[in-house]
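Per-entry structural report
Letter by letter, the chains look like this.
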Amino acid sequence: MEKKIIFVLVEHHDKKVHPVSWELIGKARELAAKLDNSEVWGIVLGDELENICNEAIKRGADKVIYVKNSRFNRYINYEYQTAIVNVVKKYNPEIFLIGATLEGRELAGMVATKLETGLTADCTGLDIVSDNRTGKKILAMTRPTFGGNLMATITCPQHRPQMATVRPGVMKSLPIDPKRKGEIIVENIELKDLKKLIEFLETIPVKTESNLQYAPVIVSGGKGVGGPDGFKKLKELANLLGGEIGASRAAVKAGWISDEYQVGQTGKTVRPILYIACGISGAIQHIVGIKESEIIVAINKDENAPIFDIADIGIVGDLHKVIPALIDKLKQLLAKSEVKK
Ligand SMILES: Cc1cc2nc3c(=O)[nH]c(=O)nc-3n(C[C@H](O)[C@H](O)[C@H](O)COP(=O)(O)OP(=O)(O)OC[C@H]3O[C@@H](n4cnc5c(N)ncnc54)[C@H](O)[C@@H]3O)c2cc1C
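A short tour of the structure in this document, coming up. Since the model is a prediction, treat every value here as computed from it, not as a measurement.

Turning our attention to the pairing of strand 5 (residues 63-68). Counting buried residues along strand 5, five of its six residues qualify, which places the element largely inside the surrounding structure. Pairing of strand 4 (residues 38-46) with strand 5, which is carried by six bridges, proceeds in the parallel orientation. Bridge pairing in strand 5 links Gly42 to Val64. Between strand 4 and its parallel partner strand 5, the chain crosses via helix 2 (residues 50-58), and the hand of that crossover is right-handed. Taken together, the five bridges between strand 5 and strand 12 (residues 183-187) define a ladder with parallel strand orientation. Bridged to Val67 within strand 12 is Glu187.

So, about the packing of aromatic side chains. Taken as a whole, this structure holds five aromatic pairs when the rule is applied. With centroids separated by 5.2 Å and ring planes inclined at 65°, the aromatic side chains of Trp41 and Tyr91 adopt a geometry described as edge-to-face. Taken together, the positions of Trp41 in strand 4 and Tyr91 in helix 3 (residues 77-91) put the pair 50 residues apart, joining distant regions of the chain. You'll find Trp41 and Tyr91 in the same group, each marked buried. Between Phe72 and Tyr80, the ring centres sit 5.6 Å apart and the planes meet at 90°, which makes this aromatic pair edge-to-face. Through successive ring pairs, a cluster of aromatic residues spans Phe7, Trp41, Tyr91 and Phe96. Between the NZ or CZ atom of Arg74 and the centre of the ring of Phe200, over which it lies, the distance is 3.5 Å.

What follows is about the site of the ligand. In the vicinity of the ligand lie 27 residues, with Lys223, Ser248, Thr266, Ser281 and Asn300 positioned nearest. Note that an oxygen atom of the ligand is positioned 2.7 Å from one of the backbone N or O atoms of Lys223. Taking Asn300, its side chain carries an N or O atom lying 2.7 Å from an oxygen atom of the ligand. Here the ligand has 990 Å² of accessible area as a free molecule, and 78% of this is covered by the chains. Breaking the shell around the ligand down by element, the ones donating at least two residues are helix 6 (249-253), helix 7 (284-287) and helix 9 (319-340). Of the residues belonging to the shell around the ligand, the class tally is five nonpolar, 17 polar and five charged.

Thresholds, definitions, all that
- Residues numbered from 1 in each chain as written.
- Predicted model: local features only at pLDDT ≥ 70, side-chain atom pairs only at ≥ 80, totals over all residues.
- Heavy atoms only, no water.
- Buried < 20%, exposed > 50% of the residue type's maximum accessible area, 1.4 Å probe, protein only.
- Helix = DSSP H or I, 4+ residues; strand = E, 2+ residues; numbered from the N terminus.
- Pairing = 2+ DSSP bridges.
- Right-handed = clockwise from strand over helix to strand, strands pointing away.
- Phe/Tyr/Trp six-rings, centres within 6.5 Å; stacked < 30°, edge-to-face > 60°.
- Lys NZ or Arg CZ within 6 Å of the ring centre and 35° of its normal.
- Near = heavy atom within 4 Å.
- Polar contact = N/O pair within 3.5 Å; in protein donor to acceptor, adjacent residues only side chain to side chain.
- Areas by Shrake-Rupley, 256 points an atom, 1.4 Å probe, with all protein chains shown as cover.
- Nonpolar A, V, L, I, M, F, W, Y, C, P; charged D, E, K, R; others polar.

And the structure:
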């Protein structure tokens, strides 16, 4: 019986892979375990990207399709669409996963319409379920909808591939396994006849200070922080811990911090080792974005705040006193460890 293939697009910029691609290969392995007789395949487009192909295997891919052409080193939507549609038609994957980055979301829509198949955008959950009507195993794609007020689970029972873009930071990537082996299939796609519709002129870097989604420690502030100045202390604590600052929607809405720091259902989903929630009540829309954190510390002056229901460590107190005390203590400990070194 032919193997069912789960495709994962490996997105890269300047030879660096977007972490969401490794997260998706990790998730695809889980899905493959539930889907009988299946394999995970990565797709890499570009040139001189052998290292990336090899890493895809070590992160969980069984095979990698390497569409080798230097024109693909830079993302141009209709060129990628042409190449990917070709590869999909040749190998007929069952499932096709793409990161819900700006590029991924644009590309997935273009590929799905060309292939006349179903696509669910910006998923936060994926699972293999049994179709009620046919009993066949299909992909259940879950995503927030209506501004995050409703979670919808969508399936694509008939058309193939079943396509989804997935939010960065939600799925977990697998560690590199140096022993994993796999096959790299080089594909050549002719682009000669393709008209140049888009001409690339220059890259203007986006000014972004936050690396929230991949920070090991996040010190996050809510309405209880009291104003933009309060975030300075949070930033000091975050710096000492080698982390980043985050915020609740209430703090963003108050204009105390920019929305790129917002954590939660309509903000970023994070999974740091340590999440310190300062003056955050713990509304469900905030919790869904942090619940995968390894350790949650809550500082809140209301002992009944719902944040304490999910916190591993709770401190009932005024954050304007607790945080400076934490900073002082940390500085002392760090100074001691410097001396020891
Ligand atoms: C569709 C939808 C999507 C949403 N998406 C998000 C989202 O992505 N992210 C998000 O965060 N919210 C989101 N929300 C909003 C969410 O419901 C809450 O309103 C929000 O999370 C509350 O933020 P907060 O905890 O900072 O503020 P509050 O609920 O006002 O809580 C402030 C807390 O600070 C404490 N406090 C006050 N002063 C101090 C002090 N000096 N020291 C210690 N503690 C103090 C208080 O006891 C209180 O618990 C969404 C809402 C909707 C309807």
